[in-house]
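Inside the fold
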Amino acid sequence: MSGRLAVVGLGPGDPRWLTPEAEAALGSAAALYGYGPYLDRIPQRSGQVRHASDNREEGARAAAALRHAAGGAEVAVVSGGDPGVFAMAAAVCAEIETGPPEWRDIELAVIPGITAMLAVAAQVGAPLGHDFCALSLSDNLKPWEAIERRLDAAAGAGFVIALYNPVSRARPWQLAAAFERLGRHLPATAPVIFGRAVGRIGERIAVTRLSAARETAAEIGADMATLVIVGSPETRVIERAGRRPLVYTPRAAAGANL
Ligand code: SAH
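Thresholds applied
Residues numbered from 1 in each chain as written. Predicted model: local features only at pLDDT ≥ 70, side-chain atom pairs only at ≥ 80, totals over all residues. Heavy atoms only, no water. Axes fitted to C-alpha atoms, helices over the stretch in contact; angles between N-to-C directions. Helix = DSSP H or I, 4+ residues; strand = E, 2+ residues; numbered from the N terminus. Left-handed = near helix turned anticlockwise from the far one by under 90°. Contact = heavy atoms within 4.5 Å. Nonpolar A, V, L, I, M, F, W, Y, C, P; charged D, E, K, R; others polar. Near = heavy atom within 4 Å. Polar contact = N/O pair within 3.5 Å; in protein donor to acceptor, adjacent residues only side chain to side chain. Areas by Shrake-Rupley, 256 points an atom, 1.4 Å probe, with all protein chains shown as cover. 1 Å grid on protein atoms, 1.4 Å probe; cavity = no way out; pocket = protein on both sides within 12 Å on 5 of 7 lines; lining within 4 Å. Sits in = over half its atoms within 2 Å of the grid points. Points joined across faces, edges and corners; volume = space filled by probe spheres on them. Phe/Tyr/Trp six-rings, centres within 6.5 Å; stacked < 30°, edge-to-face > 60°. Buried < 20%, exposed > 50% of the residue type's maximum accessible area, 1.4 Å probe, protein only.

Side note on the packing of helix 6 (residues 144-156) against helix 7 (residues 174-183)
One way to put it is that helix 6 packs onto helix 7 with a least axis distance of 9 Å and a crossing angle of 40°. Read as a crossing pair, helix 6 and helix 7 show a hand that is right-handed. Contact with helix 6, carried on its side by W144, E148, L151, D152 and A155, involves Q174, A177, A178, R181 and L182 of helix 7 and no other residues of that element. Of the residues assigned to the contact of helix 6 with helix 7, the class counts are six nonpolar, one polar and three charged.

Now the structure itself:
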């Protein structure tokens, strides 16, 4: 008997950013698995069991949910933002690849959510209006040298860059090192956007320039709940009296064949 496993994206935090599909999957699951603070965002339902686990236990959490679903139950694993972006959907797939053959019979549904970079971008205009890429700055799951190589390649190729996992207690220096690295390719005036706890209590947005990004990170208290967008040389800032500046990357790149 094989059940159903939904890997559900909760969005950045604001309940208005939870899709109807995600809401339905959370409503029909017999059990929810996830990082405690994400589970805390979901209204309690009688008869629904919750299994909270630590953020570093992704593989074990995915395996526990798969074992449960393999017994015939409808189970949901939750992720902040989108489950496919630096999150649980890949952890579930990895467990299916290496786990018992019967896990391949489980009906798997990956239910998308609004990822942090889209929520942050929307607060300031359209910084992702042209080509962009996303990088995790966490060197827990890859060597720092790989991060440096990717920062060089992305900035050198003119991408706008969204930085996930910029800072944590265990990784205090990486963000400043990334700004230094990007400064080798980008002008000091390249726009930098910080979005902290977007859609949640304590939300903060800051727009600055690469030359001042380190100071702004300290001022707004950049942390694990912060996403950083570093503009390309084409990204523009429109100042507005009494309002947050608008940041956008034009639809057409320099040299476009218009
Ligand atoms: N699956 C998530 C990302 C997980 S990695 C998603 O799609 O958004 C965790 C990182 O996401 C954090 O370190 C931060 O960079 C970013 N993040 C998640 N929620 C956020 C929020 N509400 N505001 C700003 N950044 C957020």
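Resuming the write-up.
Re the site of the ligand
Near the ligand lie 20 residues; those nearest to it are D82, V85, T115, M224 and T226. G80 is positioned such that a nitrogen or oxygen atom in its backbone is 2.9 Å from a nitrogen atom of the ligand. For the ligand, whose accessible area on its own is 540 Å², the fraction buried by protein is 93%. Mapping the ligand onto the cavity grids shows that it belongs to the largest pocket.

Structural notes on the layout of surface pockets
Estimates place the volume of the largest pocket at around 1,700 Å³. Contributing to the lining of the largest pocket are 48 residues, with Y38, N55, F86, N165 and M224 lying nearest its centre. Secondary structure elements with two or more residues in the lining of the largest pocket: helix 2 (36-39), helix 3 (58-70), strand 4 (74-79), helix 4 (88-98), helix 5 (116-124), strand 9 (191-196) and strand 11 (226-230). For the lining of the largest pocket, the residue count by class is 23 nonpolar, 13 polar and twelve charged. In this structure, the second largest pocket occupies an estimated 210 Å³ of space. Lining of the second largest pocket is provided by L10, G13, D14, P15, L18, E23, L26, R41, I42, P43 and R45. Residue composition of the lining of the second largest pocket, by class: six nonpolar, one polar and four charged.

Digging into the packing of aromatic side chains
Applying the stated criterion to the full structure yields four aromatic pairs. Aromatic side chains F179 and F194 sit 6.1 Å apart centroid to centroid with 75° between the ring planes, which places their arrangement in the edge-to-face category. Here F179 is found in helix 7, whereas its partner F194 is found in strand 9, with 15 residues between them in sequence. There is no split in this pair, since F179 and F194 are both buried.

As for the side chain of S79
The residue S79 is located in strand 4 in this model. A polar contact of 3.2 Å, which involves the side chain of S79, links it to the backbone nitrogen of M88. When near neighbours in sequence (up to four residues on either side) are disregarded, S79 contacts V8, G9, L10, Y38, A87 and M88.

Such coordinate-based values are descriptive only and should not be taken to indicate function.
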